[in-house]
Amino acid sequence: MEEQQLANLNQAQRDAVLKSEGPLLVLAGAGTGKTKVLTSRIIHIINSYLASPLQILAVTFTNKAAAEMKKRIGEVIGDQVNNLWIGTFHSIAARITRRHAEIVGLKNDFTIIDQDDQLRLLKQIIADFNIDTKQFPAKNYLNKISRMKDLGTVQSLQNQGREDDSGLPKLKDIFALYQNRLKSMNAADFGDLLAYNLEIFAKAPEVLEQYQNKFHYVLVDEYQDTNNVQYQWLLKLAAKYQNICAVGDDDQSIYSWRGANIANILRFEKDFANASVIRLEQNYRSTANILKAADSVILNNKERHGKTLWTEAGEGEQVKLLSFVDDRSEAATITETIANYARQRKYKLSEAAILVRAGYQTRAFEEAFIRASLPYKIIGGLKFYERMEVKDAICYLRVAANFGDDLALSRIINVPKRGVGDTTINNLYQKGKSENMSLFLAIKDAIAKNELKGKAKDALKSLLEQIEKWRAALDNSSLPDAAKLILMESGYIQMWQSENTLESQGRIENIDEFVGSLAEFSNITEFLEYVSLVEAKEDKSVQDAVSVMTVHAAKGLEFSLVFIPGLEDGVFPSSRSMDERNGLEEERRLLYVAITRARKELVMCYAQTRFVFGDYQSSMPSRFLKELPEGVKLVESANSFSSGYSYGAASRGSSGYGSAAQTSFAARPQTLPDSSDPFFGKRVFHQKFGYGKVVEVEGSRLGISFEKSGRKTVMKDFVALVA
DNA sequence: TATTGTGTTATTTTT
DNA sequence: TAACACAATA
């Protein structure tokens, strides 16, 4: 059994599995079998009796990754898998916090609030502060507070006499109030879960010791994405046995804006004495050409351990680079290419993916796919439990389950409309605050003391009565039955029914699905824990469809055929990143992630002009394209006039503008501004911008002062000289 | 209180 | 463009 496990591994993988003692960093490149190593390692530890499952801690970032590992391990060791401490950072931290909640001033049934609730709460708090919310939106406070929790800089804010560097007025006070309110609601946000663990460990060393003694082996997935608090947490838990195995890829660190600190993986050997480092460099996913492209891009980064992926697979198809006049022809041609491949049975639709830098780019593809009637799915966006109607429904349940849940109550108090306006709600909220009672009790009190008038009074009175009745329903009937009753009696379903649009019908369907899904839970608490920490199951509605998603969302996935559109300065790399510190390195890693998703074919594209936020923007090809290896050819200068959308025009265009066809874009030497160029100073015509005069020439790029649209930079191939 | 109009502003989002 | 917040109004 043991030998069979090891026989499936290459030398480096085997080394990583067998080196069970002491700190180990496994630098696992894309597609090198990192999950295999993690699972084999755990199986090896158990089967060699180095430790029992209860003594192993394995943390991931996503439920998906945790579930995958659990499944693979379970296939070998059976039910024992359930004794492992395996899960996301947040779920394990929640588990520990619940056990010792009293140490941090919570009850063990505290609720975990999501971003929506966080924002709602912050808005309430900020409202009392006379802050210009235009200049300083609550969102900014939320971001800052989350980041502080990730980075563990909360203490420094509290201890400092002066305000912090964020420029957000009263941040310190608002933060303090925010924490107070959470505490009094017996609630914690995501950042708190980890932070409370550290607080527990600090306040109760015997508790820390208990866990340190318990966990003989600690394993971490995606180590490059850990934030400072997670890092401290791991350091503490692994302190006694020092058997920490961190698996990750510094080249795939793409979440710094969420607090991930790439330094954690870069300085691993300094943090842990006698640490070993093993590199997994044999790639089982992509062709040699794709790996070459990935490597030659990432080589330009300085902040990295350095590794080179290789494969036993052949060269494969050449990586392609396409250029377009605009984003619509880009989308049209990509769509057509995928459709052709599918028709030829070369790739199934589900084997193709379009990876974009930013969400707004998906729209052009959505339109193109609808036009071509090709099945597609946009991955990302709202998750099931985040949809408005589902959240509303959940909040009804939350209020019924817990009258003190102010956040949930304030969400549904006037949905459907009950004639309870902002002023009423605000007054009640103030009353609750000054008399130190929940919103629910404040309303009750106000009704008893006759402090409300007419419409609002009657509406709130009956709402309160209903809520109390619903609590009984929750106690006495099954979860789906209770939910059905609540959503009917509250008038919530009726509200959507009377709207009677396609959209509202969809919402009702979602509500039905939501109610049905409740059957899997035995009580409301169990369900609420599930929604707060576990993402909804995957959308299984469309099977064979092209995937369109952001590069971030594609991490960890693979596709035979990958398109990366929008490779222009300002899109990829994004304009914001270009002036952020270390921004470009992270963008480059992002591109590296995108490239390494491809198994067989990779097509990269850029467009001359792009319709962004209501008007046309012209842009230069991405600076990263210069970093591609020589073999990557601009194979086709594909043009079409967006007005026609015609595929015929696209192919005609490619012969008409063939001058770029044979040029190796990436290999072309950098040229300096050239005033001797034949274009310089000439009057030219551009399809989109009309007539203009060339005022600057840099290689194939022309700076043109257009008569109508002003100064733009465009590629030489897209303008024609006029007499 | 609810509706309508105006202005502002646009990355990435594992829990 | 389109989504959102907020102010002015019915």
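Each value, and the rule that gives it
- Residues numbered from 1 in each chain as written.
- Chains lettered and ligands numbered in written order.
- Predicted model: local features only at pLDDT ≥ 70, side-chain atom pairs only at ≥ 80, totals over all residues.
- Heavy atoms only, no water.
- Helix = DSSP H or I, 4+ residues; strand = E, 2+ residues; numbered from the N terminus.
- Buried < 20%, exposed > 50% of the residue type's maximum accessible area, 1.4 Å probe, protein only.
- Areas by Shrake-Rupley, 256 points an atom, 1.4 Å probe, with all protein chains shown as cover.
- Polar contact = N/O pair within 3.5 Å; in protein donor to acceptor, adjacent residues only side chain to side chain.
- Contact = heavy atoms within 4.5 Å.
- Axes fitted to C-alpha atoms, helices over the stretch in contact; angles between N-to-C directions.
- Parallel < 35°, antiparallel > 145°, perpendicular 65-115°, else oblique.
- Left-handed = near helix turned anticlockwise from the far one by under 90°.
- Nonpolar A, V, L, I, M, F, W, Y, C, P; charged D, E, K, R; others polar.
- Near = heavy atom within 4 Å.
- pLDDT = per-residue confidence, 0-100.
- Expected span 1.5 Å × (residues − 1).
- Arc of directions from axis to C-beta.
- Pairing = 2+ DSSP bridges.
- Right-handed = clockwise from strand over helix to strand, strands pointing away.
- Phe/Tyr/Trp six-rings, centres within 6.5 Å; stacked < 30°, edge-to-face > 60°.
- Lys NZ or Arg CZ within 6 Å of the ring centre and 35° of its normal.

A.B. asks: I keep staring at the overall build of chain A and nothing clicks. Help me out?
C.D. replies: If you tally the helices and strands in chain A, you get 29 helices and 21 strands. Expressed as a percentage of the 723 residues in chain A, the buried residues total 52%. Of the accessible surface of chain A, which amounts to about 32300 Å², a share of 50% is contributed by carbon and sulfur atoms.

A.B. asks: Sorry, what's going on with the side chain of aspartate 189 here?
C.D. replies: The topology assignment puts aspartate 189 in strand β5 (residues 187-189). A polar contact of 2.8 Å, which involves the side chain of aspartate 189, links it to the side chain of tyrosine 178. At 2.8 Å, the side chain of aspartate 189 and the backbone nitrogen of aspartate 192 are in polar contact. What aspartate 189 contacts, discounting residues up to four positions off in sequence, is Ile113, Gln118, Lys149, Tyr178 and Leu182.

A.B. asks: Please explain the packing of helix α24 (residues 492-499) against helix α25 (residues 502-517) as it appears in this structure.
C.D. replies: Describing two packed helices takes the angle between their axes plus the distance from one axis to the other. Packing of α24 against α25 brings their axes to within 7 Å, and their N-to-C directions diverge by 150°. Judged on the interaxial angle alone, α25 and α24 are roughly antiparallel. The chirality of how α24 crosses α25 is left-handed. Facing α24, whose interface residues are Tyr492, Ile493, Trp496, Gln497 and Glu499, α25 presents Glu503, Ser504, Arg507, Ile508 and Ile511. Looking at the contact of α24 with α25 residue by residue, the class counts come to 5 nonpolar, 2 polar and 3 charged.

A.B. asks: Sorry if this is basic, but what is going on with the protein's contact with DNA strand C here?
C.D. replies: Near DNA strand C the following residues occur: Lys123, Thr133, Arg363, Phe613 and Gly614. By atom count, sugar and phosphate contribute 50% of the portion of DNA strand C lying within 4 Å of the protein. Counted by class, the surface near DNA strand C contains 1 nonpolar, 2 polar and 2 charged residues.

A.B. asks: Where do I start with the confidence of the model for chain A in this structure?
C.D. replies: When pLDDT drops low, the exact placement of atoms in the prediction is not to be read closely. Per-residue confidence for chain A averages 85 on the pLDDT scale, and 87% of its residues sit at or above 70. Here helix α29 (residues 647-656) stands out as the least confident element of chain A, with mean pLDDT 29; strand β6 (residues 217-220) is the most confident, with 97. Below a pLDDT of 50 lies the segment residues 640-674, which in the model reaches 65 contacts outside its immediate sequence neighbourhood of four places, other chains included.

A.B. asks: What is the right way to read helix α9 (residues 171-184) from this model?
C.D. replies: Every α-helical turn comprises 3.6 residues, leaving residues that sit three or four positions apart pointing alike. Over its 14 residues, α9 extends 20 Å from the first C-alpha to the last, a length consistent with the 20 Å expected when each residue adds 1.5 Å. If you check which residues of α9 are buried, you get Leu171, Ile174, Phe175, Tyr178, Gln179, Arg181 and Leu182. Along the axis of α9, the buried positions cluster into a sector of 160°, meaning they face one direction only. Exposed and oriented more than 90 degrees from the buried face of α9 are Asn180 and Ser184. Note on α9: the residue one or two positions beyond its end, asparagine 186, has a positive phi of about 55°.

A.B. asks: Just checking my understanding: could you explain the pairing of strand β3 (residues 85-88) for this structure?
C.D. replies: The sheet contact formed by strand β2 (residues 56-60) and β3 spans 4 bridges and is parallel. Each residue of the ladder has a partner; that of alanine 58, found in β3, is isoleucine 86. Following the chain from β2 across helix α4 (residues 63-77) to the adjacent parallel β3, one finds a crossover that is right-handed.

A.B. asks: How should I be thinking about helix α3 (residues 34-47) in this particular structure?
C.D. replies: Between its first and last C-alpha, α3 extends 20 Å over 14 residues, near the 20 Å set by a 1.5 Å rise per residue. Counting buried residues in α3 gives 11 out of 14 residues, a clear majority hidden from the surface. Positive backbone phi, approximately 60°, marks tyrosine 49, located one or two places after α3.

A.B. asks: I'm lost on the packing of aromatic side chains in this one. Help?
C.D. replies: The relation between two aromatic rings is expressed through the spacing of the ring centres and the mutual angle of the planes. Taken as a whole, this structure holds 23 aromatic pairs when the rule is applied. Relative to phenylalanine 215, the ring of tryptophan 85 lies with its centre 5.4 Å away and its plane at 70°, an arrangement referred to as edge-to-face. With tryptophan 85 in strand β3 and phenylalanine 215 in the loop between α11 (205-214) and β6, this pair connects stretches of sequence that are 130 residues apart. Neither tryptophan 85 nor phenylalanine 215 differs from the other in exposure class; each is buried. Relative to phenylalanine 613, the ring of tyrosine 360 has its centre 5.7 Å away and its plane inclined at 55°; by these criteria the two rings are tilted. Taken together, the residues tyrosine 360 in the loop between β10 (352-356) and α17 (362-371) and phenylalanine 613 in the loop between β14 (598-612) and β15 (615-618) connect sequence positions 253 residues apart. The exposure class of tyrosine 360 is partly exposed, given its relative accessible area of 37%. Here a set of aromatic residues connected by ring pairs shows up, and it is made of Phe384, Tyr385, Phe514, Phe521, Phe527 and Tyr530. For the cation-ring pair, arginine 98 lies above phenylalanine 110, with the distance from its terminal atom to the ring centre recorded as 4.2 Å. The ring of phenylalanine 403 has arginine 471 lying over it, and the distance from NZ or CZ to the ring centre is 4.5 Å.

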